[in-house]
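Examining the three-dimensional arrangement
Letter by letter, the chains look like this.
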Amino acid sequence: MATTAKRPPARERILTTAEALFAAHGLRGVGVDRIIAESGVAKSTLYVHFPSKDELAAAYLRRVDDSWRGKLRAAALAAGDDPRAQLVGLFDAVAASYERHGFHGCPFINAAAESEPGSLPHEVTAAHKRAVRAWVRGLAEAAGAADPDELALQLTLLIDGTLAAGKLEQNPAMPAAAKAAARAAVDRACPPAA
């Protein structure tokens, strides 16, 4: 008895196709017709699931948000139980991004550059950046930072700058330099545990 592989649901095919195309070509560089053709769905099916391209772009960014924040958390936890080490360890996720085939920089920075302020993709991007900074702030507070807001801002700027630089040049020295800068910032901001 032959078995056939079950096709993923239409919504999943659309989103998976959009994710690959948006990551490689940007939000503006991919038309809805290409997503329809490559996902193998009818135009009406796409619009049932995503009434506008902005809604599809927002769904893509939410999916990337879940994945990226999971990678940051995993890298932080892999560094051990000490929040100071976790603040530095999360930069291993940045380094891993550079090693991924087809890395095109930060999807959120790329989306922000292509979307109008107030648009749904821009709002999802801003919410993502706030959520990452709030999480890093929590780690900074747990690490005993004198000013957790300032340390979170410094570290998230290092993350964003390193990911943005990856769009231009995938030099493996960049994430290593960012991690070293993060270590220096954490050492300055957080007194060592007694």
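See the structure above.
All of these numbers come straight from a predicted model, not from anything done at the bench.

Thresholds applied
- Residues numbered from 1 in each chain as written.
- Predicted model: local features only at pLDDT ≥ 70, side-chain atom pairs only at ≥ 80, totals over all residues.
- Heavy atoms only, no water.
- Helix = DSSP H or I, 4+ residues; strand = E, 2+ residues; numbered from the N terminus.
- Buried < 20%, exposed > 50% of the residue type's maximum accessible area, 1.4 Å probe, protein only.
- Contact = heavy atoms within 4.5 Å.
- Phe/Tyr/Trp six-rings, centres within 6.5 Å; stacked < 30°, edge-to-face > 60°.
- Expected span 1.5 Å × (residues − 1).
- Polar contact = N/O pair within 3.5 Å; in protein donor to acceptor, adjacent residues only side chain to side chain.

**A word on the side chain of Ser97**
- Looking at the element boundaries, Ser97 is found in helix α6 (residues 91-99).
- Residue class for Ser97 comes out buried when judged on its relative accessible area of 5%.
- Those residues in contact with Ser97, other than ones at most four positions away along the chain, are Trp68, Phe103 and Leu163.

**Notes on the packing of aromatic side chains**
- In the structure shown here, the tally under the stated rule is 2 aromatic pairs.
- Between Tyr98 and Phe103, the ring centres sit 5.2 Å apart and the planes meet at 35°, which makes this aromatic pair tilted.

**Observations concerning helix α1 (residues 10-25)**
- With 16 residues, α1 extends 22 Å from end C-alpha to end C-alpha; this agrees with the ideal 22 Å at 1.5 Å per step.
- Those residues of α1 that fall on the buried side of the exposure criterion are Ala10, Arg13, Ile14, Leu15, Thr17, Ala18, Leu21 and Phe22.
- Each element contacted by the buried residues of α1 is listed here: α2 (32-39), α3 (43-49) and α4 (53-78).
- Directly beyond the C-terminal end of α1, a positive phi value near 85° is found at Gly26.

**Describing the side chain of Ser115**
- Secondary-structure assignment places Ser115 in the loop between α7 (107-114) and α8 (120-142).
- A polar side-chain atom of Ser115 sits 2.7 Å from the main-chain carbonyl oxygen of Ala111.
- In this structure, Ser115 is in contact with Arg28, Pro121 and His122, ignoring residues within four places of it in sequence.

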